[in-house]
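Here is how the chains run, residue by residue.
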Amino acid sequence: MSEEHYLELCESPVQFEHASSVNNVFFDEANKQVFAVRSGGATGVVVKGPDDKNSIAFRMDDKGEVKCIKFSIGNKILAVQRTSKSVDFINFIPDYPHTEFSQECKMKNASVLGFCWTNWNEIVFITDQGIELYQVFPDKRSVKLIKSQSLSVNWYQYCPETAVLLLSTSGQGNVLQPFVFRNGTLSKMTKFEIELPVVPKPAKLSLSERDIAMATIYGQLYVMYLKHHSRTANSPSAEVVLYHLPREGLCKKSHVLKLNTTGKFALNIVDNLVVVHHQSTQVSWCVSTRYHHQCK
């Protein structure tokens, strides 16, 4: 790698069939797996990850459009969401029945926004009315509710490294409620508020999940907010605002990374560096929160 560059793509990228009218593509952040689902799974599902020597290929009955699909840790149980009310499960443990079984969300009139595996046999449903933590019994093809929490939810983000789930609440979406999962339990952490550049009147959803990311930097969990200033502001350039989220105590704003430009961005963490990708210029900036050093 050239000394002039700090980042490079790996030599063996994950290759998969592109999204189309017959092929849906999903990415699971926890297992770093790409799912290519053809015709609802009837003509094949191919799963690939960066560390997998062999891809996983199988078929499943086409029971409708797949909204979300993820393996549990160790690829033992597959979870598939096809409707806004339930999640289906398929065993991939050897000698266990391969028949699908299903679980509906418990909250009345709730819609499932998505789900996250918190352990190899524990899964949390995120609905617009709260969260539901379940234990899955693959041998019995059954699911048991462990605990639930009721609150209004706009959208969510999950950090698999720390098992912290972040829920967007309130009319503007900028009040964030974190939960942490550990050994079959869920604990509520201290909620906090993201400072919006402009407070809309009347109130409307102003904070998007696309502008929020969670990451572990130097062993500490941070919530990263991609803040876009209005064009009429004195400093219209975008910023990345980092909020330090400790297991106990208040979440506080710790860093502001000024980007000195506007447009569409994406965020990554590589070797404790905050990497900001700028779409229009096709440039990525690497920023260190420890040494306040920026490079391209």
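The rules behind the values
- Residues numbered from 1 in each chain as written.
- Predicted model: local features only at pLDDT ≥ 70, side-chain atom pairs only at ≥ 80, totals over all residues.
- Heavy atoms only, no water.
- Helix = DSSP H or I, 4+ residues; strand = E, 2+ residues; numbered from the N terminus.
- Buried < 20%, exposed > 50% of the residue type's maximum accessible area, 1.4 Å probe, protein only.
- Contact = heavy atoms within 4.5 Å.
- Lys, Arg positive; Asp, Glu negative; His and termini not counted.
- Charge placed at Lys NZ, Arg CZ, Asp CG, Glu CD.
- Phe/Tyr/Trp six-rings, centres within 6.5 Å; stacked < 30°, edge-to-face > 60°.
- Lys NZ or Arg CZ within 6 Å of the ring centre and 35° of its normal.
- Salt bridge = Lys/Arg side-chain N within 4 Å of Asp/Glu carboxyl O.

- An unreviewed UniProt entry lists the protein under the name Regulator of MON1-CCZ1 complex N-terminal domain-containing protein, with Gadus morhua given as the organism.

Some details on the overall build of the protein
So, step 1. For the protein, the count of helices and strands is 0 helices and 25 strands.
So, step 2. For the protein, the spread of C-alpha atoms along the principal axes amounts to about 60 × 45 × 35 Å.
So, step 3. When the 296 residues of the protein are sorted by exposure, 45% land in the buried category.
So, step 4. Counting contacts in the protein only where the partners sit at least 6 residues apart, residues at least 24 apart contribute 37% of the total.
So, step 5. A distance of 7 Å separates the average location of the 32 positive side-chain charges in the protein from that of its 28 negative side-chain charges.

Observations concerning the side chain of threonine 118
So, step 1. Tracing the chain through its elements places threonine 118 in strand S9 (residues 112-119).
So, step 2. In contact with threonine 118, other than residues within four places in its own chain, are Ile123, Val124, Leu133, Tyr158 and Phe181.

Let's talk about the packing of aromatic side chains
Two aromatic rings are characterised by how far apart their centres lie and by the angle between their planes.
So, step 1. In total, this model carries 8 aromatic pairs according to the counting rule given.
So, step 2. Aromatic side chains phenylalanine 89 and phenylalanine 101 sit 5.5 Å apart centroid to centroid with 25° between the ring planes, which places their arrangement in the stacked category. Note that phenylalanine 89 is positioned in strand S7 (residues 86-91) and phenylalanine 101 in strand S8 (residues 101-104), a separation of 12 residues in sequence.
So, step 3. A residue is classified by how much of its surface remains accessible, and phenylalanine 101, at 7% relative accessible area, is buried.
So, step 4. An aromatic cluster is defined as three or more aromatic residues linked by ring pairs; in this entry it consists of Phe35, Phe58, Phe71 and Phe92.
So, step 5. Between lysine 70 and the ring centre of phenylalanine 115, over which it is positioned, the NZ or CZ distance is 5.3 Å.
So, step 6. Between lysine 76 and the ring centre of tryptophan 120, over which it is positioned, the NZ or CZ distance is 4.9 Å.

Re the pattern of salt bridges
So, step 1. For the structure on display, the rule yields 8 salt bridges.
So, step 2. Glutamate 100 serves as the salt-bridge partner of lysine 63, at 3.3 Å between the closest nitrogen and oxygen. One end of the pair, lysine 63, is in the loop between strand S4 (56-58) and strand S5 (68-71); the other, glutamate 100, is in the loop between S7 and S8, with 37 residues separating them in the sequence.
So, step 3. Relative accessible area serves as the criterion here: at 17%, glutamate 100 is assigned to the buried category.
So, step 4. A salt bridge links glutamate 239 to lysine 258, with the nearest nitrogen and oxygen atoms 2.8 Å apart. With glutamate 239 in strand S20 (residues 239-244) and lysine 258 in strand S21 (residues 252-258), this pair connects stretches of sequence that are 19 residues apart.
So, step 5. A cluster of three or more residues bridged by salt bridges with shared partners is formed by Lys63, Arg82, Asp88 and Glu100.

Looking at the side chain of aspartate 211
So, step 1. Take aspartate 211: it is sitting in the loop between strand S17 (192-193) and strand S18 (212-217).
So, step 2. Nearest to the buried, unbridged aspartate 211 among oppositely charged side chains is arginine 210, at 7.7 Å.

Remarks on the environment of lysine 147
So, step 1. Take lysine 147: it is sitting in strand S12 (residues 142-150).
So, step 2. A relative accessible area of 37% places lysine 147 in the partly exposed class.
So, step 3. Along the sequence, lysine 147 and proline 160 sit 13 residues apart, while their C-alpha atoms lie 19 Å from each other.
So, step 4. In this structure lysine 147 touches Ile131, Glu132, Leu133 and Leu186, once residues within four positions along its chain are discounted.

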